Amino acid sequence: MNPSPNPPMPNPRQAQGFMVTVSLPSALPASRLRVGDTFALHEAPDEHLLVVQAEPHPDHPSRLIITVPGKTTPFTLHADEPIRPLRMPRTVHVACQLCSKSTTTELDLVTHGEPKTWVCNRH
């Protein structure tokens, strides 16, 4: 038997049906960051950074300019640089796999995982 490192799990917050999520890995590329996310750099794991602004670098498209509170200047990260996600709130829109009914729900990808499938409570 080969257990998966990130087995699908039901999300208990989804009251309108059954959502299966897969947990995030402990490191993600910086390109996954969005405004409102909180992350840490691997070289400073105790410093939690809140993304206020994230935009592509005008001269180097493979780099991101990240603005965080408490820092006087933004810093630059390579889009593939691994970061440690701490909080990644997302609004997700999912459709029932059996009848195509849809719903929108709020998830924290770090806490609840990434949605993979959803079945509404009619089934």
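Above this text is the structure in question.
Residues numbered from 1 in each chain as written. Predicted model: local features only at pLDDT ≥ 70, side-chain atom pairs only at ≥ 80, totals over all residues. Heavy atoms only, no water.

Trainee: Give a detailed account of the overall build of the chain, specifying residues and quantitative values.
Mentor: Tallying secondary structure elements over the chain gives one helix and twelve strands in all. Looking at the chain as a whole, 34% of its 123 residues qualify as buried. Pairs at least 24 residues apart make up 46% of the contacts formed inside the chain by residues separated by at least 6 positions. Carbon and sulfur atoms make up 54% of the accessible area of the chain, which amounts to about 7600 Å² in all. (Helix = DSSP H or I, 4+ residues; strand = E, 2+ residues; numbered from the N terminus. Buried < 20%, exposed > 50% of the residue type's maximum accessible area, 1.4 Å probe, protein only. Contact = heavy atoms within 4.5 Å. Areas by Shrake-Rupley, 256 points an atom, 1.4 Å probe, with all protein chains shown as cover.)

Trainee: I'd like to hear about the pairing of strand S9 (residues 82-87), residue by residue, with values.
Mentor: Two elements, strand S3 (residues 28-29) and S9, share two bridges in a ladder whose sense is antiparallel. Residue pairing across strands places Pro29 opposite Pro82, the latter belonging to S9. Sheet analysis places strand S4 (residues 38-41) next to S9, joined by four bridges and oriented antiparallel. Residue Ala40 lies in a different strand from S9, and its bridge partner there is Arg84. (Pairing = 2+ DSSP bridges.)

Trainee: How would you sum up the side chain of Asp108? Please name residues and give values.
Mentor: By secondary structure assignment, the location of Asp108 is in strand S11 (residues 102-108). Although Asp108 lies buried, it forms no salt bridge, and the closest oppositely charged side chain, Arg87, sits 4.6 Å away as judged by the N-O distance. Setting aside residues no more than four positions away along its own chain, Asp108 makes contact with Arg87, Met88, Pro89 and Gly113. (Lys, Arg positive; Asp, Glu negative; His and termini not counted. Salt bridge = Lys/Arg side-chain N within 4 Å of Asp/Glu carboxyl O.)

Trainee: Can you tell me about the sheet that holds strand S6 (residues 53-56), naming the residues and giving the values?
Mentor: In space, the three strands of this open sheet follow the order S6-S7-S8, with antiparallel pairing throughout. Of all strands in the sheet, those with a lone pairing partner are S6 and strand S8 (75-78), marking the two edges. Averaged over all pairs of adjacent strands, the angle between their axes in this sheet comes to 30°, without regard to strand direction. Judged from the four bridges that link them, strand S7 (residues 63-67) and S8 form a sheet pairing that is antiparallel. (Axes fitted to C-alpha atoms, helices over the stretch in contact; angles between N-to-C directions.)

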